Amino acid sequence: MAEQRMPRPSWRLPLLGDVLRLDPQRPVQREAQFVQELGDVFEISILGRKVIVVGGGDAAAEVFDENRFAKAVVPPVSNLRELAGDGLFTAFNSEPAWAQAHNVLMPAFSQASMRSYHDAMAECIDQLCAYWVDTASGGPVDVSSDMNRLTLEVIGRTGFGYSFDSFTPGRHPFVESMSRAMAYVSQTANDVPVLREILGWKAMRQNPKDIALMKTTVDQVIAARRSGETPRQDDLLQRMLENPDPQTGETMSDQSIRNQVLTFLIAGHETTAGLLSFALHYLSLNPEIVERAREEIDEVLGTDGAPVRFEQVAKLRYVRRIVDETLRLWPSGPAFFRKARQETTLAGYPIRKSETILVVLLALHRDPKLWGDDVERFDPDRFLPAAVRARPAHAYKPFGVGARACIGRQFALHEAVLALARILTHFDIAAIPGYELKVEELLTIRPKNLRLVMRPRKR
Ligand code: MNH
């Protein structure tokens, strides 16, 4: 194809580029809008940095091809390296710590390993339900905040035997530091450094303190386990301490273990919390979906309130489809970066080696070419096996692609299905009349100010 210029937003400025046309509060939602205006492939320029954006169609299948493209660690993801170093999520593809941690931890995240985390997950979910019965007393609950409590508690306990005392009023100092540190990374993603110093000096000073507190907390947990001060248990930390990399025979350093623990706390908590929050939002609006889910839940789990067994979770097929459909409309990691391994083309446009490409899942998952023309409708039956088979594989990638895809996928799905099943067993979920869904972005996405009334279920 002849050298043709990629579409770009109109009114590009010198130096600043398209930065004024972006939305610093809702960057990915703005980019999804651009997909509607400019098509599946276009370029934007942010302060001299060019980013190619892919939002649908065959171009998506192309960038997912691991032979020609790979994960790119660029801002804002690379800004997390100050906290998580060469941990799994933020490592460059060539860093040895990635391969080692990947080899040690892959078995710990297999479907079979979920059995060893199941009881702790179930306990945390029951604690959440009890917390709602005690504190909500029929009034509305703050959904995103409570889902964050749940998922952080789950990853803390199953990851390294640590409780954040999540179901007590107030917030753990670690949680305070983590949410400020995440907000800092997100808000400084596309800003101008000079302005940051003027406008954000307070946050700039707070950030190193937050990072130090998080690292110290994790180091203490690791040291306590290593010395035997806290008991052994079958969790991620124990596996990292004991299991050597099958390829090299070497065990992980404390520094690398710390980076992985911090990574799981970051990557494994707000994503699953966002998923659960959006799912509860849609359940509050769709009584017929709740009814179908409950039929399945009562049949699989029984109605006597007995603890859920590991094997039962995989049988909750309809609840799983609710989860899948939620991740279609609101993939909690709404976009990710790729880069060209060598000079190549994309949708016919020439691409230089290492050029940065942003995949906007938010747009891909609503591409009418792949999903039909009622893409906004919440319909779990899009994930019936026959419907899935009828779609190309690149239509749906909420957990990313290739070697660097999400290691926590089974973990998140098990936790989410279990949590929704338990919540639907115990509560009738009611929306606040007039609530309009607005979506907040802090690297991950969540429904803004979502409050729902959780009343003990009437049978
Ligand atoms: Mn998770 C990578 C989405 C839950 C740990 N995760 C990714 C990527 C996406 C993603 C997308 C790829 C990002 C990229 O290409 O740059 N993750 C999710 C979603 C959920 C989720 C939508 C929940 C829903 N993730 C979890 C959980 C954990 C976890 C739970 C851990 C307990 N994720 C990771 C790690 C990586 C990752 C670690 C990086 C893996 C690697 O690069 O080797």
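Residues numbered from 1 in each chain as written. Predicted model: local features only at pLDDT ≥ 70, side-chain atom pairs only at ≥ 80, totals over all residues. Heavy atoms only, no water.

As annotated in an unreviewed UniProt entry, the protein carries the name Unspecific monooxygenase and is attributed to Rhodococcus rhodochrous J3.

Visitor: Would you take a moment to explain the overall build of the protein for this structure?
Guide: Counting secondary structure elements, the protein contains 19 helices and 12 strands. Computed over its C-alpha atoms, the radius of gyration of the protein comes to 22 Å, within 12% of the 23 Å expected for a compact globule of 459 residues. Expressed as lengths along the three principal axes of its C-alpha atoms, the size of the protein is roughly 70 × 55 × 45 Å. Relative to its 459 residues, the protein shows a buried fraction of 54%. In the protein, 73% of the contacts between residues at least 6 apart in sequence involve partners at least 24 apart. On the protein, roughly 20,700 Å² of surface is accessible, and the fraction owed to carbon and sulfur atoms is 54%. Taken as two groups, the 57 positive and 58 negative side-chain charges of the protein have centres that lie 2 Å from each other. (Helix = DSSP H or I, 4+ residues; strand = E, 2+ residues; numbered from the N terminus. Rg over C-alpha atoms; globule rule 2.2 N^0.38 Å. Buried < 20%, exposed > 50% of the residue type's maximum accessible area, 1.4 Å probe, protein only. Contact = heavy atoms within 4.5 Å. Areas by Shrake-Rupley, 256 points an atom, 1.4 Å probe, with all protein chains shown as cover. Lys, Arg positive; Asp, Glu negative; His and termini not counted. Charge placed at Lys NZ, Arg CZ, Asp CG, Glu CD.)

Visitor: How should I be thinking about the site of the ligand in this particular structure?
Guide: Surrounding the ligand, one finds 25 residues, the nearest of these being K71, L88, W98, R404 and C406. In the model, an oxygen atom of the ligand is placed 2.7 Å from a nitrogen or oxygen of the R404 side chain. Elements that contribute at least two residues to the shell around the ligand include exactly α11 (254-267), α12 (270-285) and α19 (409-426). Of the residues belonging to the shell around the ligand, the class tally is 16 nonpolar, 7 polar and 2 charged. (Near = heavy atom within 4 Å. Polar contact = N/O pair within 3.5 Å; in protein donor to acceptor, adjacent residues only side chain to side chain. Nonpolar A, V, L, I, M, F, W, Y, C, P; charged D, E, K, R; others polar.)

Visitor: Whenever I open this one, the coordination of the manganese atom of the ligand confuses me. Can you help?
Guide: Ideal geometry at a metal gives 109.5 degrees between four tetrahedral donors and either 90 or 180 degrees between six octahedral ones. Just one protein atom coordinates the manganese atom of the ligand, and that atom is C406 (SG), at 2.4 Å. Along the chain, the position of C406 falls in the loop between α18 (385-390) and α19. (Donors = N, O, S within 2.8 Å, 3.2 Å for Na, K, Ca; no water.)

Visitor: Can you help me understand the nonpolar core in this one?
Guide: Membership of the largest hydrophobic core comes to 141 residues, with the highest contact counts inside it found for L105, W132, L265 and L280. Looking at this core element by element, the count peaks at 11 residues for α19. (Core = buried A, V, L, I, M, F, W, Y, C linked by side-chain atoms within 4.5 Å.)

Visitor: I tried to follow the sheet that holds strand β9 (residues 427-431) on my own but got confused; where do I start?
Guide: Consider a sheet: its strands pair through backbone hydrogen bonds, and that pairing is either parallel or antiparallel. One open sheet holds the 3 strands; their spatial order is β4-β12-β9, and the pairing between them is antiparallel. For this open sheet the edge positions go to β4 (140-142) and β9, each flanked by a neighbour on one side alone. Here the average twist between neighbouring strands, direction ignored, is 40°. Alignment of β9 against strand β12 (residues 451-456), held across 5 bridges, turns out to be antiparallel. Paired with A431 across the two strands is L452, which belongs to β12. Sitting on the sheet, helix α6 (residues 143-160) is in contact with β4 and β12, with an inclination near 60° to β4. Sheet strands touched by α19: β9 and β12. Its angle to β9, the strand with the most contacts, is close to 95°. (Pairing = 2+ DSSP bridges. Axes fitted to C-alpha atoms, helices over the stretch in contact; angles between N-to-C directions.)

Visitor: Help me understand the side chain of E43 in this model?
Guide: With respect to the helices and strands, the residue E43 is situated in strand β1 (residues 41-46). Of the residues examined, E43 reaches a relative accessible area of 7% and is grouped as buried. Of note is the side chain of E43, whose polar atom sits 3.4 Å from the side chain of R8. Apart from residues lying up to four places away in sequence, E43 is in contact with M6, P7, R8, P9, R12, D18, K50, V51 and I52.

Visitor: Got a minute to help me understand unusual backbone geometry in this structure?
Guide: Comment: phi is negative for the bulk of residues other than glycine, and the bulk of peptide bonds are trans. A cis amide bond, omega 0°, links P75 with the succeeding residue P76. Its place among the elements puts P76 in the loop between β3 (69-71) and α3 (81-84). Non-glycine residue D165 carries a positive phi angle of around 50°. Tracing the chain through its elements places D165 in the loop between α6 and α7 (173-187). Given the relative accessible area of 51%, D165 is considered exposed. The phi dihedral of S354 falls on the positive side, at around 70°, and the residue is not glycine. You can see S354 is positioned in the loop between β7 (349-351) and β8 (356-360).

Visitor: Would you take a moment to explain the pattern of salt bridges for this structure?
Guide: Oppositely charged side chains can pair when the atoms bearing their charge come close. Applying the stated criterion to the full structure yields 33 salt bridges. When the shortest N-O distance is used, the salt bridge between E43 and K50 registers 3.7 Å. Its relative accessible area of 32% is what places K50 among the partly exposed residues. Residues joined by salt bridges that share partners form a network here, namely E325, R328, D374, R377, D379 and R382. (Salt bridge = Lys/Arg side-chain N within 4 Å of Asp/Glu carboxyl O.)

Visitor: Even after reading the chapter, I still don't get the packing of aromatic side chains, so can you show me in this structure?
Guide: Given two aromatic rings, their pairing is described by the distance between the two centres and the angle made by the two planes. In the structure shown here, the tally under the stated rule is 15 aromatic pairs. For the pair Y131 and F167, a centre-to-centre distance of 5.7 Å together with 55° between the ring planes defines the contact as tilted. With Y131 in helix α5 (residues 114-135) and F167 in the loop between α6 and α7, the pair connects residues that are 36 residues apart, well separated along the chain. As far as the burial class goes, Y131 and F167 line up, both buried. Aromatic side chains F160 and Y162 sit 6.0 Å apart centroid to centroid with 15° between the ring planes, which places their arrangement in the stacked category. Here F160 falls in the buried class, since its relative accessible area comes to 6%. (Phe/Tyr/Trp six-rings, centres within 6.5 Å; stacked < 30°, edge-to-face > 60°.)

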